[in-house]
Amino acid sequence: MPQLNIARVTEQSGTEAHISRPFPRAMMGLSLGSPASRGRKLAATLGWLCANSVEALVLVGDDLARHTVRIRTGLDAASALARAHQEGDRLAAEVVHLIKEHRWRNVTVHRWGALLHEPRFPDSKREIASLHRRSEEFRALVAQSAAEYLERLGDRGAPPSVASAEALDLAQAYLLEEIAVFAMLLEIGWEVEVYPGPDLPALRALSLGLVDGAPPCFKRRNHIELTLRDEAGAL
């Protein structure tokens, strides 16, 4: 099977971001079930991350995916978390295998659940929840991002198994938790995110300073979108 190459790198920087390569610190989040989180796409993206970073971080979003599992299957919260952990185990094992195979020595792998128990996370979670309550603009952006997320799930053959309103609530809970974790990581220097896909509208707006009252750390955020193609030019 042809190897995937990085065909284009699109850098989207916050209003106060300063970016240069190699990045002092750069991270990549892996969504369970996403095509970008397995096989050739995973290997190509992870290789680029390690080659262009002094210190790299891979986030296996298993606990975060409990929301997605509930959307896809209709399982209760505890069963969905257990299912997400099983899928996370498989994804983490694939990432570790790639790291060992390619001898990438500047990358560490974290599971999402560990981040939720960091001492900084409760404050970050409260700050994002408060912004969501106060800002009509931010609520609209989160709702837009959640609707797009549900549409992508449908495109992957995983339409919601719950009512539309519940699916939207769960998708928004997913995004608010993700944004809170990113805010926490930004505060400790993880200002570059690498991903083979576009940025979320809500995160992009925060980076550009378009949401009044948002945590200022988002203005230092950089989203690096990688476009991958094989030798034949196919995605």
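Anything mentioned here points back to the structure above.
Attention in this report is confined to the structure presented alongside it. (Residues numbered from 1 in each chain as written. Predicted model: local features only at pLDDT ≥ 70, side-chain atom pairs only at ≥ 80, totals over all residues. Heavy atoms only, no water.)

Details of the packing of helix H6 (residues 136-155) against helix H7 (residues 164-187)
Counted only if it meets this: Every axis corresponds to a line fitted to the C-alpha atoms, with the helix fit spanning only the stretch in contact, and the corresponding angles, defined between N-to-C directions, vary from 0 to 180 degrees. Numbered from the N terminus, helices here are DSSP runs of H or I no shorter than four residues, and strands are runs of E no shorter than two. Every angle not falling under 35 degrees, over 145, or within 65 to 115 is termed oblique; those three ranges are roughly parallel, roughly antiparallel and roughly perpendicular. It is the rotation of the near helix from the far one that decides the hand of a crossing: anticlockwise by less than a right angle makes it left-handed, clockwise makes it right-handed. Contacts are assigned to residue pairs with any non-hydrogen atoms lying within 4.5 Å of each other. Gly is placed with the polar residues, together with every amino acid not listed as nonpolar (Ala, Val, Leu, Ile, Met, Phe, Trp, Tyr, Cys and Pro) or charged (Asp, Glu, Lys and Arg).
It is at 9 Å that the axes of H6 and H7 come closest, and there the two elements cross at 115°. As judged from the angle between their axes, H6 and H7 are roughly perpendicular. The handedness of the crossing between H6 and H7 comes out as right-handed. Between H6, through Phe 138, Arg 139, Val 142, Ala 143, Ser 145, Ala 146, Ala 147, Tyr 149 and Leu 150, and H7, the contact on the second element is made entirely by Ala 167, Leu 168, Ala 171, Gln 172, Tyr 174, Leu 175, Leu 176 and Ile 179. Residues of the contact of H6 with H7, tallied by class, amount to 14 nonpolar, two polar and one charged.

Looking at the layout of surface pockets
Unfilled space is identified by rolling a water-sized probe across the atoms. We count it as follows: For cavity detection a 1 Å grid was placed over the protein atoms alone, and a set of points counts as a cavity when a 1.4 Å probe fits there but cannot get out; an open set counts as a pocket when protein lies on both sides within 12 Å along at least five of seven lines, with lining residues being those that have an atom within 4 Å of a point. Grid points are joined across faces, edges and corners, and a volume is the space filled by probe spheres set on the points.
Its boundaries defined by the atoms lining it, the largest pocket holds a volume of some 720 Å³. Put simply, the parts of the chain that give the lining of the largest pocket at least two residues each are strand S2 (23-30), H6, H7, strand S5 (192-195), helix H8 (201-207) and strand S6 (222-230). Per element, the largest residue contribution to the lining of the largest pocket is five residues, and it comes from S6. Grouping the constituent residues of the lining of the largest pocket by class yields 19 nonpolar, seven polar and nine charged.

What about unusual backbone geometry?
Which entries qualify depends on this criterion: Only protein chains enter the accessibility calculation, which uses a 1.4 Å probe; a residue whose area is less than 20% of its type maximum is buried, one above 50% is exposed, and one in between is partly exposed.
Here the residue pair Arg 21 and Pro 22 is connected by a cis peptide bond, since its omega of 0° sits within 30 degrees of zero. Relative to the assigned elements, Pro 22 resides in the loop between strand S1 (4-13) and S2. If you check the backbone angles, Arg 103 has positive phi at about 55° while not being a glycine. Mapped onto the secondary structure, Arg 103 falls in the loop between helix H3 (77-102) and strand S4 (107-111). Judged by relative accessible area, which is 65%, Arg 103 ranks as exposed.

Comments concerning the pairing of S5
Which entries qualify depends on this criterion: Pairing between strands is defined by DSSP: at least two bridges between the two strands are required. By definition, the crossover connecting two strands over a helix is right-handed if that path, from the first strand to the second, turns clockwise as seen with the strands pointing away from the viewer.
Taking every second residue as pointing to the same face, both faces of S5 are buried, with Val 192 and Val 194 on one and Glu 193 and Tyr 195 on the other. Inspection of the sheet shows S5 paired to S6 by four bridges, in the parallel sense. Looking at S6, one finds that Val 194 is bridged to Ile 224. After leaving S5, the chain enters H8 and then returns to the sheet as S6, a path that is right-handed.

Comments concerning the environment of Arg 220
Looking at where Arg 220 falls in the secondary structure, it is placed in the loop between H8 and S6. For the pair formed by Arg 220 and Leu 186, sequence separation is 34 residues and the distance between their alpha carbons is 7.7 Å. Other than its neighbours up to four places away in sequence, Arg 220 contacts Glu 16, Ala 17, Leu 186, Glu 187 and Glu 191.

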